[in-house]
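Here are the chains, one letter per residue:
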Amino acid sequence: MLSSCDFKPVTLSDRDFFVQHYRRFPQRHSDNTFTNMVCWNYYANYRYAIVQDCVLLSSTIAGKTRYRPPIGPRNPDLLHEVLALALKSDETRPFVVLDQETLEWISGIYPELQFQPERMYFDYVYLANDLAELPGKGYSTIRRQLNQFMKTCSPLVEELGTDNIEEINDFVEQWCERGRTAIQTRIWHRRRMPCALPWPIIGSSSCRE
């Protein structure tokens, strides 16, 4: 029977494995990508297990663990084990990040399960041209803020490295102090990392039996 002890931390040394596995089973949601897991490991404590050619992912935030569906060949027995493990979690929604095909597959096996969209897991997808040009009324606020910034500041583009990481850390600390919000804890965990990617995205669901 699957247990939490079967999972091990995601580390940089696992990159080649995830690259090869995701070539076979591409991921639609950014939360499951290797880059995202490495960047947010300080906060979400990602772990994984390899079972019957499937990758199982979990994340633990504030002591509460959430699990993802098996990533690999469809395996109803393994799915059952993951669901059973998820139900042991103290998290109110312990089974998350389902793409549409996986949602339909699981619903076909367990029609009694109720799924709900969870806003915090939605991805944001933008056209590269839109971000570069900021066209139309939808981007007017960002254009105005950008123009004001360019007029009042003298921005420089520098490569992020060991020679300026402390300066960046100091800036993020000041930012946190000036704006203590509900997301401050999340910022605090990422502020000592050399880089962190935004969460670009598509959609997901979560369930509890």
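Just so it is clear, the structure is predicted and the values come from calculations on it, not from any experiment.

Draft legend 1. Up close: the overall build of the protein chain. Broken down by element type, the protein chain carries nine helices and seven strands. Among the 209 residues that make up the protein chain, the fraction classed as buried is 38%. Within the protein chain, contacts between residues separated by at least 24 positions form 65% of all contacts whose residues are at least 6 apart in sequence.

Draft legend 2. Here's a closer look at the nonpolar core. Within the largest apolar cluster, 21 residues are counted, with the highest numbers of intra-cluster contacts made by Leu2, Phe7, Leu56, Leu79, Phe95 and Ile106. Among the elements that line this core, the one with the most residues is helix H4 (residues 76-86), at six residues. Among residues more than four places away in sequence, those in contact with Phe7 are Leu2, Arg47, Tyr48, Ala49, Leu56, Leu57, Ser58, Tyr67 and Leu85. If you look at the next biggest cluster of nonpolar residues, it comprises 15 residues, including Trp40, Tyr43, Tyr46 and Leu57.

Draft legend 3. Inspection of the packing of aromatic side chains at higher detail. Inspection of the entire model under this criterion finds seven aromatic pairs. Ring centres of Phe18 and Tyr22 lie 5.6 Å apart, and the angle between their planes is 65 degrees; this geometry places the pair in the edge-to-face category. With Phe18 and Tyr22 both in helix H1 (residues 15-24) and four residues apart, this pair spans about one turn of that helix. Here Phe18 matches Tyr22 in class, with each residue buried.

Draft legend 4. Up close: a nonpolar patch on the surface. On the surface, a nonpolar cluster with roughly 320 Å² of combined accessible area is contributed by Tyr124, Tyr126 and Leu131. When you line up the elements, Leu131 lands in helix H6 (residues 128-133).

Draft legend 5. Main features of the side chain of Ser59. Its location among the elements puts Ser59 in strand E3 (residues 54-61). Within the local environment of Ser59, its side chain forms a polar contact with the side chain of Arg68, the two groups lying 2.7 Å apart. If near-sequence neighbours (up to four positions away) are discounted, Ser59 is found in contact with Ala44, Asn45, Tyr46, Lys64, Thr65, Arg66 and Arg68.

Draft legend 6. Layout of unusual backbone geometry. Positive phi outside glycine occurs at Asn45, with the angle close to 50 degrees. Turning to its location among the elements, Asn45 is positioned in the loop between helix H3 (41-44) and strand E2 (47-51). With phi around 50 degrees, Leu134 is a residue other than glycine that occupies positive phi space. Positionally, Leu134 belongs in the loop between H6 and helix H7 (140-152). In this structure Leu134 comes out as buried when scored by relative accessible area, which is 9%.

Parameters and conventions
Residues numbered from 1 in each chain as written. Predicted model: local features only at pLDDT ≥ 70, side-chain atom pairs only at ≥ 80, totals over all residues. Heavy atoms only, no water. Helix = DSSP H or I, 4+ residues; strand = E, 2+ residues; numbered from the N terminus. Buried < 20%, exposed > 50% of the residue type's maximum accessible area, 1.4 Å probe, protein only. Contact = heavy atoms within 4.5 Å. Core = buried A, V, L, I, M, F, W, Y, C linked by side-chain atoms within 4.5 Å. Phe/Tyr/Trp six-rings, centres within 6.5 Å; stacked < 30°, edge-to-face > 60°. Patch = residues over 30% accessible without salt bridge, like charges linked within 9 Å, V, L, I, M, F, W, Y side chains within 5 Å. Areas by Shrake-Rupley, 256 points an atom, 1.4 Å probe, with all protein chains shown as cover. Salt bridge = Lys/Arg side-chain N within 4 Å of Asp/Glu carboxyl O. Polar contact = N/O pair within 3.5 Å; in protein donor to acceptor, adjacent residues only side chain to side chain.

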